[in-house]
Amino acid sequence: MNSVTTNKMTNYRWIMCALLFVATTVNYLDRQVLSLTWKDFIAPEFHWTDDDYGTITAVFSIVYAFCMLFAGKFVDFMGTKKGYLWAIGVWSAGACAHAACGWITMQIGGFESVTAMTAVKSGSAAALLIATTSVWLFVAARCVLALGEAGNFPAAIKVTAEYFPKKDRAFATSIFNAGASVGALAAPASIPLLAQSFKDAGIGGGWEMAFIIIGGLGFIWMAFWVFLYDKPEKSSHVNMAELNYIHQDDDVAAEAKVEVAEKPAKQIPFLQCFSYRQTWSFITGKFFTDGVWWFYLFWAPAYFSDQYGYKSSSTEAITLIFTLYAIVTVLSIYGGYLPKLFVEKRGDNPYKGRMRSMLIFAFFPLLALFAQPLGAYSAWWPAIIIGLAGAGHQAWSANLFSTIGDMFPKSTIATITGIGGMAGGVGSFLINKGAGALFTYSENQGEAFSFIGFDGKEAGYMIIFCICAVAYLVGWCIMKLLVPKYKPIIID
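Quick summary incoming for the structure in this document. (Residues numbered from 1 in each chain as written. Predicted model: local features only at pLDDT ≥ 70, side-chain atom pairs only at ≥ 80, totals over all residues. Heavy atoms only, no water.)

1. What about the overall build of the chain?
Okay, so step 1: Looking only at helices and strands, the chain has 18 helices and two strands in total.
Okay, so step 2: Radius of gyration (C-alpha) of the chain: 23 Å, near the 23 Å computed for a compact globule of 492 residues.
Okay, so step 3: Counting only C-alpha atoms, the chain reaches 70 × 45 × 40 Å along its principal axes.
Okay, so step 4: A total of 492 residues make up the chain; the buried ones form 58% of that total.
Okay, so step 5: Expressed as a percentage of contacts within the chain between residues at least 6 apart in sequence, the contacts between residues at least 24 apart total 83%.
Okay, so step 6: Accessible area of the chain: about 19,100 Å², with a carbon and sulfur share of 67%.
Okay, so step 7: Treating the 34 positive side-chain charges of the chain as one cloud and the 33 negative ones as another, the clouds have centres 10 Å apart. (Helix = DSSP H or I, 4+ residues; strand = E, 2+ residues; numbered from the N terminus. Rg over C-alpha atoms; globule rule 2.2 N^0.38 Å. Buried < 20%, exposed > 50% of the residue type's maximum accessible area, 1.4 Å probe, protein only. Contact = heavy atoms within 4.5 Å. Areas by Shrake-Rupley, 256 points an atom, 1.4 Å probe, with all protein chains shown as cover. Lys, Arg positive; Asp, Glu negative; His and termini not counted. Charge placed at Lys NZ, Arg CZ, Asp CG, Glu CD.)

2. What to know about unusual backbone geometry
Okay, so step 1: Of note in this structure, His-47 is not a glycine but carries a positive phi near 60°.
Okay, so step 2: Structurally, His-47 is set in the loop between helix H1 (12–46) and helix H2 (50–78).
Okay, so step 3: For His-47, a relative accessible area of 15% translates into the label buried.

3. A word on the pattern of salt bridges
Okay, so step 1: The full count for this structure, using the stated rule, is 10 salt bridges.
Okay, so step 2: When the shortest N-O distance is used, the salt bridge between Arg-13 and Glu-242 registers 3.1 Å. You can see Arg-13 sitting in helix H1 and its partner Glu-242 sitting in helix H10 (residues 240–246), a full 229 residues away along the chain. The pair Arg-13 / Glu-242 is uniform in exposure class, with both members buried. (Salt bridge = Lys/Arg side-chain N within 4 Å of Asp/Glu carboxyl O.)

4. Quick notes on the environment of Asn-11
Okay, so step 1: On the secondary structure map, Asn-11 appears in the segment before H1.
Okay, so step 2: For Asn-11, a relative accessible area of 41% translates into the label partly exposed.
Okay, so step 3: Distance from Asn-11 to Glu-242, taken between C-alpha atoms, is 6.9 Å for residues 231 residues apart in sequence.

5. Digging into the packing of helix H7 (residues 152–163) against helix H17 (residues 413–445)
Think of two packed helices as two axes; the pair is described by the angle between the axes and how far apart they sit.
Okay, so step 1: One can describe the packing of H7 onto H17 by two numbers: an axis separation of 8 Å at closest approach and a directional angle of 145°. Once H7 is placed against H17, the crossing between them reads as right-handed. Between H7, through Phe-153, Pro-154, Ile-157, Lys-158 and Ala-161, and H17, the contact on the second element is made entirely by Ile-413, Ala-414, Thr-417 and Gly-418.
Okay, so step 2: Considered class by class, the residues forming the contact of H7 with H17 number six nonpolar, two polar and one charged. (Axes fitted to C-alpha atoms, helices over the stretch in contact; angles between N-to-C directions. Left-handed = near helix turned anticlockwise from the far one by under 90°. Nonpolar A, V, L, I, M, F, W, Y, C, P; charged D, E, K, R; others polar.)

6. Focus: the environment of Pro-382
Okay, so step 1: As for its position among the elements, Pro-382 is in helix H16 (residues 380–407).
Okay, so step 2: Residues Pro-382 and Tyr-303, 79 residues apart in the sequence, show an inter-C-alpha distance of 9.8 Å.
Okay, so step 3: Each residue touching Pro-382, except ones within four places of it in the same chain, is listed here: Tyr-303, Phe-304, Tyr-308, Ala-371 and Gly-375.

7. Remarks on the packing of aromatic side chains
Okay, so step 1: For the coordinates displayed, the defined rule picks out 46 aromatic pairs.
Okay, so step 2: When the centroid spacing of 4.2 Å and the interplanar angle of 5° are considered together, the rings of Trp-38 and Tyr-53 count as stacked. Note that Trp-38 is positioned in helix H1 and Tyr-53 in helix H2, a separation of 15 residues in sequence.
Okay, so step 3: Trp-38 sits in the buried class, given a relative accessible area of 1%.
Okay, so step 4: Considering the side-chain rings of Tyr-84 and Trp-225, the 5.1 Å spacing of their centres and the 70° angle between planes classify their relative orientation as edge-to-face. Here Trp-225 lies in helix H9 (residues 207–228) and Tyr-84 lies in helix H3 (residues 80–97), a separation of 141 residues in the sequence. Exposure class is identical for Tyr-84 and Trp-225. Each is buried.
Okay, so step 5: Arg-31 extends its terminal NZ or CZ atom over the ring of Tyr-28, reaching a point 4.6 Å from the ring centre. (Phe/Tyr/Trp six-rings, centres within 6.5 Å; stacked < 30°, edge-to-face > 60°. Lys NZ or Arg CZ within 6 Å of the ring centre and 35° of its normal.)

8. Let's talk about the nonpolar core
Okay, so step 1: With 145 residues, the main nonpolar core has Trp-48, Phe-138, Phe-295 and Trp-299 as its most contacted residues.
Okay, so step 2: Looking at this core, the element that brings in the most residues is H1, giving 17 residues.
Okay, so step 3: Those residues in contact with Phe-295 that sit more than four places away from it in its chain are Ala-300, Ile-431, Asn-432, Ala-435, Phe-439, Tyr-461, Ile-464, Phe-465 and Cys-468. (Core = buried A, V, L, I, M, F, W, Y, C linked by side-chain atoms within 4.5 Å.)

9. Examining a nonpolar patch on the surface
Okay, so step 1: Taken together, the side chains of Leu-217, Ile-220 and Phe-224 define a hydrophobic patch exposed on the protein surface, amounting to about 280 Å² of accessible area.
Okay, so step 2: With respect to the helices and strands, Phe-224 occurs in helix H9. (Patch = residues over 30% accessible without salt bridge, like charges linked within 9 Å, V, L, I, M, F, W, Y side chains within 5 Å.)

10. Let's talk about the state of the cysteines
Okay, so step 1: A full pass over the atoms with the stated rule returns zero disulfides.
Okay, so step 2: Cysteine Cys-466 shares no disulfide, and the gap to the nearest cysteine sulfur, in Cys-468, comes to 9.2 Å.
Okay, so step 3: The closest cysteine sulfur to the non-disulfide-bonded Cys-477 is located on Cys-468, 18 Å from its own sulfur. (Disulfide = S-S within 2.5 Å.)

As structure tokens, then:
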């Protein structure tokens, strides 16, 4: 039973939201280390092509997708506290494990140093051995990272449902989900500089220490989680006024106000989840749009390097990517507030307000159609446009996640989140592997490969930008067809 008895409502739910924000920030920092170091630090050592990098990101995505299918069920089974600890512990270990890939590659190939590997002639049998060995080592480390990271959003969405009433969940989700943008924002300002500093100091290729330092942040977060998290009904930091606010729209709110020996909440069987249109609506939203965000996240640094010659550790690249994610961060937070206005000002139910908001946000990514054409004038145009498109995605994503809490009981929220995350991972696998293969092919074809006025690799980027632009409107239309009106799932 909570022990805070003052009449003034406590606000401990926002402490939980802050913890989720930090965890998501660390999550995306760990995910970004590779994308910010592969082109200019790692690829020269291991003779990687775009297709090699595409393979690594694609395998990460599909393993992430598979793990997401079960991560939500794992979190529901283990409970939020233990489930989250396991998730961040595993992904932090996986992030640090990347640093060993170079040394293991040298041992397998029989090379004395990084310099010896770099000096191997590109296209030779030795270069192929180095590339193949290193790719699969990175894939292995990436799989461990994916296994742990799959638990982040199911656990975070479950905490949000535990600590916030329905009308506030999209806003709370947009705040912690902004950690993805902040992580992506902090990454270009820190990771390339870390890698370059250690490289200049003669400590490996520099990128190894970037993985270790960024990966270690998760272990620090775990200590805070152990001491600060508990369910609101049991937390000594939550008083009855806040508890009443949290449970204002629960049918069983009264049961949360007294200390009772509770039976475990009844859950929907895993396979039965797939029998609901609401599940398939969430799957659709994730499948069509998650890959777009991951494409921007994984390929933006390489895009500015390829198209404009800005090395990831250069001032120009850092400024462009920082600006891109600054736009995403600032604008996306307000995306979670919009449905609250629809609910409070227009009287919409939470689901209707969210779908209205998501339709508005689905138009933002259409700006991606202009990234490549306007990029001919300045690199700032694609940076700003991708930033606006990314802000649209994050606002869309915050509301999409919150539709689960609108439709499903709390006991099943993490499971549904995991199922949808699986679909998002499959979508990401397709776009990242496809992009890597397309970029390598279009670059080799040169002027023989063209698309609406662009040749070679530029044409490849234009094709992907077109796919990213329309994905949200297609996803929204299918979601609306599947669940046209608010219809919650009731467990008998």
